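Fold and contact review
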Amino acid sequence: MRRMFHNVALKMLVWALAAVFLFSLTGMGCGWISPWTALFLPCAAALLRLRRREGENWLERRPGRALFLLCLTAYLSTFRWHGGDDIPNSLLPYSLLGHGTLTFDPFPDWAARPNMRDLVRLIDGHWISSYPVVPGLLASPLYLIPVWSGAAPTDDFLHNLAKIGGAAITALSVAILYRALRERCSARWAAAVALLYGLGSYAFSVSSQALYSHGPAQLGVALALLGISSAAAWGPAAAGLGLGLATVSREDSALFLAAGAAYFLFHRREGLARFLAAAAAPIALNLAYWLYATGTLRPPYFETQRTMFVPLDARALAGMLASPGRGLAFFFPAAGFALWGIFRAARDPGRRWAPYLAAACAALWIFYGLRDSWTGGNSFGNRYFSVSCLVLAFFCGEIEDSVRGSRSLSWAWAVCFSVCVLVHALGAYFNWPGAKLTLGEQAEAIWSPWQFPPLHIFSRDGALGGLGWAARAALGLGLLALTVPATVWMRRFVAGRAEAGALQL
C-alpha cells in the first residue's frame, strides 16, 4: 500500500511539474523559474518514479525511456547555455511559426547587431542564417507555446529554448543507439554502451548544451545505425532517412551517407532504392532552401567554408588523435575498445557494414586535416568527432562477450567509462580550455597537458582558478574522486545480474 501511495504521489508530482514547465514556455515565469530548470524538475521526478516502479532492474526493463530520461536530466542539470553558433537556430522557429518564413526579416534589429555579423548575413535584401537550419526546424515543436503565447524572444529565453532543444535531440539519439545495439547485444551491454555515448562523449559536453548541428547529425546517424542493423523491410529507408538528415544537418556527414550507400549497393542491393529515396527527401528539401535563400544550389556559408581548405597537415592529424587538448585518445579513450570491435566486426560476414562505417570515421579525420579550422575554434576537445564517437560506441557492441566474460577487461571498461564521463562532465559544467584562443594559438597550446580538462581544473586559468591553490586542489581532487563510484557501478552493471544488484543506479 505504501509503495502504491508513493507511486501515485510521484505521478502527480511529475504532472504538476510538467504543468510548471509548460507555463514557463509562455515566458511569464522567467522571473522566478527558467524553462530549463522547469523541465529538469519533471524529468528528474519521472526518472525517480521509473526507478521506484521497476526496482533494481529498471534500466533493463524500460531501457529506452530510462536512458532518454537519465541523459536528458543530466544534460539539463548544468543549468546553463553553452552555445554560440546555434544562435540563429534559436530564433528561427519564431520566424517560421510566427511569420511563415525561414529568414530573419521579421527581426531586422536583431539580425543587424554587430555581434551577429558571422552568424547571419544579408543576401538579396533578406537576412539568412549562416549555418544549417535543420536544428531549428527539429526544435520547432518546442516553440509552439512561446510563439502562440506571444513570449518575447529575449536572449535569455532563446538560450533556454536552444538548450532544451539540443538536450532533447541528443537524448533521443542515445535511446535510438540503444535500440540499434539491441539488434545484436544483450539489454545490459546495450545500455552500458549507450550510456558511454550519452554521458562519456561529446553528446554530453557539446551537442546537448545548445542547439548545435552536432545533435541532429548524431540523431540521424543513430537512426541510420538502427536501419543498418535491422533486417526488417523498413531498415534501408530508416538508414537513408537518418543519413540524409545527418547530411543536411552537417555536410561532413556526407561521408557517412556515402558509406551507407556503398554498403547497400554492394551488400543489400534489394534495399538500395528505399535507402536512396529516403535519403533524397531531406536532401531535396535542403537544396530547395538553399535555392530559396541564395538563388543557387549552394549554402549561404559556401564562400566562407571553401576558404578554410589547406594542404593536408600532419600536425593536425596527430593533434586530433593524440594531443591532450584535442586528441581523441584523451577525450574518448573508449576508442581503444571500439578499434577492437572494428577488427572483430570486419572479420564477421554478418557485419558487412563494418568496413564502410570505419572508413567514414577515418575519412572524417582526414577531411579535417585538410582544414585550417581543425582545432574547432570555440570547442571542447575535437567536437568534429561527435558523430565518430557515436559510431565508435556502436562498434563497442561487438566485444560484449570478451569484456563481460573477463574480470580484468570488465574493470578496464568500467575505468574507461568513468574517465570518459568525467572528461565530458567537466566540459558540460565548466568553461572549455582554450576556447578563447585563436586557431593558431589553439594549435600551439593543445600539446600542453594543462589543456586536458581533468588537469585544466587545477590551473589558474581553469574553471576553479578564482580559488586559492589549496581550495582548488581539494575541490579538483574531489571531482576526480567521483570516478570511483562510477567505476564500481559500471563494473558491477556489466558483470551480470548477481553483482549488479549490489549497487543500484
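Residues numbered from 1 in each chain as written. Predicted model: local features only at pLDDT ≥ 70, side-chain atom pairs only at ≥ 80, totals over all residues. Heavy atoms only, no water.

**Regarding the side chain of Arg184**
Structurally, Arg184 is set in the loop between α9 (155–181) and α10 (187–200). A distance of 2.7 Å separates a polar atom in the side chain of Arg184 from the backbone oxygen of Phe394. Leaving out residues up to four positions away in the same chain, Arg184 has contacts with Ser229, Arg351, Trp353, Phe394, Phe395, Gly397 and Glu398. (Helix = DSSP H or I, 4+ residues; strand = E, 2+ residues; numbered from the N terminus. Polar contact = N/O pair within 3.5 Å; in protein donor to acceptor, adjacent residues only side chain to side chain. Contact = heavy atoms within 4.5 Å.)

**What to know about helix α26 (residues 469–481)**
Taking 1.5 Å per residue as the helical rise, α26 with its 13 residues ought to reach 18 Å, and the 18 Å between its terminal C-alpha atoms agrees with that figure. Taken residue by residue, α26 has Arg472, Gly476 and Leu479 as its buried positions. Buried residues of α26, viewed axially, fall in a sector of 55 degrees; they line one side. Those residues of α26 that are exposed and angled more than 90 degrees off the buried face are Ala474 and Leu477. Packed against the buried residues of α26 are α23 (407–429) and α27 (483–495). (Expected span 1.5 Å × (residues − 1). Buried < 20%, exposed > 50% of the residue type's maximum accessible area, 1.4 Å probe, protein only. Arc of directions from axis to C-beta.)

**Describing unusual backbone geometry**
Even without being a glycine, Phe79 presents a positive backbone phi close to 50 degrees. Non-glycine residue Asp124 carries a positive phi angle of around 50 degrees. One can find Asp124 in the loop between β1 (120–123) and β2 (126–129). Among the residues examined, Asp124 registers a relative accessible area of 65% and is labelled exposed.

**What to know about the pattern of salt bridges**
With the rule as written, the count across this model stands at eight salt bridges. Note that Arg179 and Glu183 form a salt bridge whose closest N and O atoms lie 2.7 Å from each other. The exposure class assigned to Glu183 is partly exposed, which follows from its relative accessible area of 33%. Ionic pairing is found between Arg184 and Glu398, a salt bridge with its closest N-O pair at 2.2 Å. Taken together, the residues span a long stretch of sequence, with Arg184 in the loop between α9 and α10 and Glu398 in the loop between α21 (386–395) and α22 (400–404) at a distance of 214 residues. Relative accessible area serves as the criterion here: at 10%, Glu398 is assigned to the buried category. Each of Arg184, Arg351 and Glu398 takes part in one network of salt bridges that share partners. (Salt bridge = Lys/Arg side-chain N within 4 Å of Asp/Glu carboxyl O.)

**Describing the packing of helix α4 (residues 63–76) against α10**
The axes of two packed helices give the description: the angle between them and the distance between them. In the contact formed by α4 and α10, the axes pass within 11 Å of each other and the chain directions differ by 20 degrees. Taken as axis vectors, α4 and α10 run roughly parallel relative to one another. Regarding α4 and α10, the two cross each other, and that crossing is right-handed. For the pair α4 and α10, contact is made by Leu67, Leu70, Cys71, Ala74 and Tyr75 and by Ala191, Ala194, Leu195, Gly198 and Leu199, respectively. Tallied by class, the residues present in the contact of α4 with α10 amount to nine nonpolar, one polar and no charged. (Axes fitted to C-alpha atoms, helices over the stretch in contact; angles between N-to-C directions. Parallel < 35°, antiparallel > 145°, perpendicular 65-115°, else oblique. Left-handed = near helix turned anticlockwise from the far one by under 90°. Nonpolar A, V, L, I, M, F, W, Y, C, P; charged D, E, K, R; others polar.)

**Looking at the side chain of Ser388**
Here Ser388 lies in helix α21. Setting aside chain neighbours within four positions, we find Ser388 in contact with Phe256, Cys361 and Leu364.

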